[in-house]
Each structure stands twice: as C-alpha cells, then as structure tokens.
Amino acid sequence: MIIKEKYSGYWIQITSALALGTLLFLGAYHVAEDVVWEGVLRLIAFGLLAGTVLSGLKVMQGKHTIECSTENGELILTYLRKDRVVSRDIFKLGNIETVYTEPNTQFFGTGFFPGDLNIKFMPADSDRPLTLVEVHGRALALTKEDAEHLISYIHEHAPDSTDHKTG
C-alpha cells in the first residue's frame, strides 16, 4: 500500500512571493535616507529572506511517499522522496495495541492546515503513545483518507490492535 504526505502545491508561490518581497524591501532600504527607516526596512528584508530560505528548503525537499508492507509479523514503512529511499521504520504488529489519529500540531501547538492528521499508536511495552509516520523526528501530516487507509491496513494485519479516535 502506498500513501503520500499531505503537501501544499502553494510552496513555490510562497517562496516566489517572499523572494520578491525581499528584493522590494532591500531596494527600499537602499533608497531610504532616514536611519530609522533604513533599520526597519533592513529588518523586514532580512525576515523575508529567512522565510524565502525556509520555504525554498521545503520546495527542495518535496513530498514524501510512504510504502507500507508487512513481512514476518512486522509493519514496514519505507519513506521515499523523489523515488529515493530516505528512511525505513519497522514495527512489530503484535506490539501495536491502539492506533488512532490526532490533529497535526507542528507549528506552536496549532495545525498549519485544518484536517492534517498524525497517526499515533500505543505500544504494548510503553505507557506513552508514539507517532507512527515520521521521518528524522518530524511527524508527517496525512490526509484523513490516507490516515484511515493506513489504520485499516494495520487492523487487517494486526487484528489484536484497537481503534481509538481522538482527532
């Protein structure tokens, strides 16, 4: 089974708008004659440049694709970016007790886009939930449909797991 990370197609436009804003405020900084306005315009240009770099990195990174498979009682999640394997997680299906979704809260405790979901699970040998779909410590946001497909896939292969919806 293959699912994809929720990824907005607007990142290229956001990066372009931030780069244009950076150039405009940098040009205004060079034209300004008042020292206070020079400082303000320079600060705004720097902030926009930082946003340009961060959103540019998001564009360069692209969308992750997750291949889900089971083998020998294990759930294998292979993360691909631009058709290259970047990470692989292996979970014992017998160790997954409860699987549920919760809202994605990557930015200061609030979801960046409404409807983004993370899949959490409660391992049998732990007292705190873990994120199921994450790459290098970053939880990947999924659409509701993809999250439901993955949860039903887990229930098909790990019948002892239960579904507990929180999000």
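Rules used throughout
Residues numbered from 1 in each chain as written. Predicted model: local features only at pLDDT ≥ 70, side-chain atom pairs only at ≥ 80, totals over all residues. Heavy atoms only, no water. Helix = DSSP H or I, 4+ residues; strand = E, 2+ residues; numbered from the N terminus. Expected span 1.5 Å × (residues − 1). Buried < 20%, exposed > 50% of the residue type's maximum accessible area, 1.4 Å probe, protein only. Arc of directions from axis to C-beta. Contact = heavy atoms within 4.5 Å. Patch = residues over 30% accessible without salt bridge, like charges linked within 9 Å, V, L, I, M, F, W, Y side chains within 5 Å. Areas by Shrake-Rupley, 256 points an atom, 1.4 Å probe, with all protein chains shown as cover. Salt bridge = Lys/Arg side-chain N within 4 Å of Asp/Glu carboxyl O. Axes fitted to C-alpha atoms, helices over the stretch in contact; angles between N-to-C directions. Parallel < 35°, antiparallel > 145°, perpendicular 65-115°, else oblique. Left-handed = near helix turned anticlockwise from the far one by under 90°. Nonpolar A, V, L, I, M, F, W, Y, C, P; charged D, E, K, R; others polar.

Engineer: Even after reading the chapter, I still don't get helix H1 (residues 11–31), so can you show me in this structure?
Structural biologist: An α-helix turns once every 3.6 residues. As a result, residues three or four positions apart point the same way. Here H1 contains 21 residues, and its C-alpha end-to-end distance of 30 Å stays within 8% of the 30 Å for a straight helix at 1.5 Å per residue. All of the buried residues in H1 are Trp11, Thr15, Gly21, Thr22 and Tyr29. End-on, the buried residues of H1 take up no more than an arc of 125°, which puts them together on one face. Counted as exposed and oriented over 90 degrees from the buried face of H1: Ile12, Leu23, Leu24 and Val31. At its buried positions, H1 is contacted by helix H2 (35–61).

Engineer: Can you help me understand a nonpolar patch on the surface in this one?
Structural biologist: Among the surface-exposed residues, Phe46, Leu49, Val53, Leu54, Leu57 and Met60 lie close enough to one another that they form a single nonpolar patch of about 640 Å² accessible area. With respect to the helices, strands and loops of the structure, Phe46 is situated in helix H2.

Engineer: What is the right way to look at the packing of H1 against H2 in this model?
Structural biologist: Relative placement of two packed helices is described by the angle separating their axes and the distance separating the axes. Contact pair H1 / H2: the axes reach a minimum separation of 8 Å and the direction vectors enclose 160°. One element, H1, and the other, H2, form an angle in the roughly antiparallel class. Taken as a pair, H1 and H2 cross one another with a handedness that is left-handed. For the contact of H1 with H2, the residue count by class is 15 nonpolar, 7 polar and 3 charged.

Engineer: Mind showing me how you'd approach helix H3 (residues 144–157) here?
Structural biologist: When the terminal C-alpha atoms of H3 are compared, their 20 Å separation across 14 residues agrees well with the 20 Å that a helix rising 1.5 Å per residue should span. Taken residue by residue, H3 has Asp146, Ala147, Leu150, Ile151, Tyr153 and Ile154 as its buried positions. An end-on view of H3 places all buried positions within 155° of arc, on one side of the element.

Engineer: Help me out: how do you make sense of the environment of Ile96 in this one?
Structural biologist: Within the secondary structure, Ile96 sits in strand S5 (residues 96–103). For Ile96 and Ala158, which are 62 residues apart along the polypeptide, the C-alpha to C-alpha distance reads 7.7 Å.

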